[in-house]
Amino acid sequence: MVIAGSLAVGAVGCTGGENADAAHGRTTGPTELCGGVAASVEAGKALKAIMGSSRFERSGPKDTVAHASSSLSDANASPAVDDGDICLVYGNNSVPSDRLEVTWELLWGPLEGEPAAKFRVLPMGERALAVPDAGVVQFSCRSEKLPGSTPAHIDVGVERWSPKDPEGDPERLKDAYATVAHSFALAMARELRCENDGGLDPRPALDPV
């Protein structure tokens, strides 16, 4: 996973402009993003901390977990392409270069080796990692939607791309990214009908291994 981009964290209240945007249907709350099933309440709070906004641009019609899981199923059957976007998240009034990218990748086997020291390693799925501007959760999925003799290994990553450097408590930012990555990974596992939700618990595990 490429760890690039940065973020600025700040408390941004609902201004009159944001309320006007909401009234005209141009913005939404965090739990309605990406098809409305991707971000839990916890992940919604984490998205606010990461993006510094309580309102977000509405997701496009294909920026959904359902669409991403369909693309992943196609890739598993014929791996010409083995990765793709789940959703792009923009804060209200953010510039195009300031966004959160949520992606999926099919891995042809479990990850091997130890991660770099900068990563916090977390006990979620097969492996979960977090830094102050990105998080990733890998899980194993056995499902009728992913036929094959062995389980599929799926990586869900969340990364901030921003012209600004990260600000705020690095440990809290790691918690936020891990929470969002877990929420999207769990939503993907459920959409794919993975056995035992891909080994993911209903809530994120944020204490390091």
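Values in this document were obtained by computation on a predicted structure and should not be read as measured data.

So, how was this worked out
- Residues numbered from 1 in each chain as written.
- Predicted model: local features only at pLDDT ≥ 70, side-chain atom pairs only at ≥ 80, totals over all residues.
- Heavy atoms only, no water.
- Helix = DSSP H or I, 4+ residues; strand = E, 2+ residues; numbered from the N terminus.
- Contact = heavy atoms within 4.5 Å.
- Salt bridge = Lys/Arg side-chain N within 4 Å of Asp/Glu carboxyl O.
- Buried < 20%, exposed > 50% of the residue type's maximum accessible area, 1.4 Å probe, protein only.
- Arc of directions from axis to C-beta.
- Core = buried A, V, L, I, M, F, W, Y, C linked by side-chain atoms within 4.5 Å.
- Disulfide = S-S within 2.5 Å.
- Pairing = 2+ DSSP bridges.
- Axes fitted to C-alpha atoms, helices over the stretch in contact; angles between N-to-C directions.
- Left-handed = near helix turned anticlockwise from the far one by under 90°.

*Asks:* Help me understand the overall build of the protein in this model?
*Replies:* Summing up its helical and strand segments, the protein has four helices and eight strands in all. Going residue by residue from the N terminus, the α and β elements of the protein occur as α-β-α-β-α-β-β-β-β-β-β-α. Sequence separation of at least 24 residues holds for 70% of the intrachain contacts in the protein that already meet a minimum separation of 6.

*Asks:* Mind showing me how you'd approach the pattern of salt bridges here?
*Replies:* Should their charged atoms come close, side chains of opposite charge can pair. What the rule picks out here adds up to eight salt bridges. Glu171 serves as the salt-bridge partner of Lys174, at 3.3 Å between the closest nitrogen and oxygen. Placement of the pair is Lys174 and Glu171 together in helix α4 (residues 170-191), with a separation of three residues, close to one helical turn. A relative accessible area of 12% means that Lys174 is categorised as buried. What makes Glu171 partly exposed here is its relative accessible area of 38%. A salt bridge links Arg190 to Asp197; the nearest nitrogen and oxygen atoms lie 3.4 Å apart. Each of Arg120, Glu171, Lys174 and Asp175 takes part in salt bridges that share partners, so that together they form one network.

*Asks:* Help me out: how do you make sense of helix α2 (residues 41-51) in this one?
*Replies:* The periodicity of an α-helix, 3.6 residues per turn, causes residues three or four places apart in sequence to face the same way. If you check which residues of α2 are buried, you get Ala43, Gly44, Ala46, Leu47, Ile50 and Met51. The arc that holds every buried residue of α2, seen down its axis, measures 160°, which confines them to one face. In α2, those exposed residues whose orientation departs by more than 90 degrees from the buried face are Val41 and Lys45. Turning to α2, the residues buried within the fold contact β2 (56-57), β3 (83-89), β4 (99-107), β8 (152-161) and α4. Two residues or fewer after α2 comes Gly52, characterised by a positive phi angle close to 70°.

*Asks:* It is not clear to me how the nonpolar core should be interpreted in this structure. Could you clarify?
*Replies:* The nonpolar side chains of soluble globular proteins are, as a tendency, buried together. Ranked by internal contacts, the top residues of the largest apolar core, which has 47 residues, are Ile86, Phe139, Ile154, Val156, Phe184 and Met188. The contacts of Phe184, once residues within four sequence positions are left out, are Cys34, Ala38, Val65, Ile86, Cys87, Val102 and Val156. Of all hydrophobic cores here, the second largest spans five residues; its members include Phe119, Leu129, Val131 and Ala134.

*Asks:* Any chance you could explain the state of the cysteines here in plain terms?
*Replies:* Disulfides are covalent bonds that connect the sulfur atoms of two cysteines. Applying the stated criterion across every chain yields a total of two disulfides. Across the disulfide, Cys34 is cross-linked to Cys87 (sulfur-sulfur distance 2.0 Å). Taking the sign of the S-S torsion, -80° for the link of Cys34 and Cys87, the bridge is left-handed. Within this pair, whereas Cys34 is found in the loop between β1 (27-28) and α2, its partner Cys87 is found in strand β3, the two being separated by 53 residues in sequence. The two residues Cys34 and Cys87 agree in class, both being buried. Two residues, Cys141 and Cys194, share a disulfide whose sulfurs are 2.0 Å apart. On the sign convention where negative is left-handed, the bridge of Cys141 and Cys194, at about -95° about the S-S bond, is left-handed.

*Asks:* Is there a simple way to explain the pairing of β4 in this structure?
*Replies:* A regular strand places its side chains so that they alternate between the two faces of the sheet. Both β3 and β4 contribute to a ladder of six bridges, which runs antiparallel. The partner of Cys87 across the bridge, within β4, is Val102. Bridge analysis of β4 against β8 gives nine bridges, and the strand direction is antiparallel. Opposite Leu106, over in β8, you have Ile154 as the bridge partner.

*Asks:* Just checking my understanding: could you explain the packing of helix α3 (residues 65-77) against α4 for this structure?
*Replies:* When two helices pack together, you describe them by how their axes are tilted relative to each other and by the distance separating the axes. Relative to each other, α3 and α4 sit at 65°, their axes nearing to 9 Å. Of the two possible hands of crossing, α3 and α4 adopt the one that is right-handed. Where α3 abuts α4, its residues Val65, Ala66, Ala68, Ser69 and Leu72 lie against Phe184, Ala187, Met188 and Glu191.

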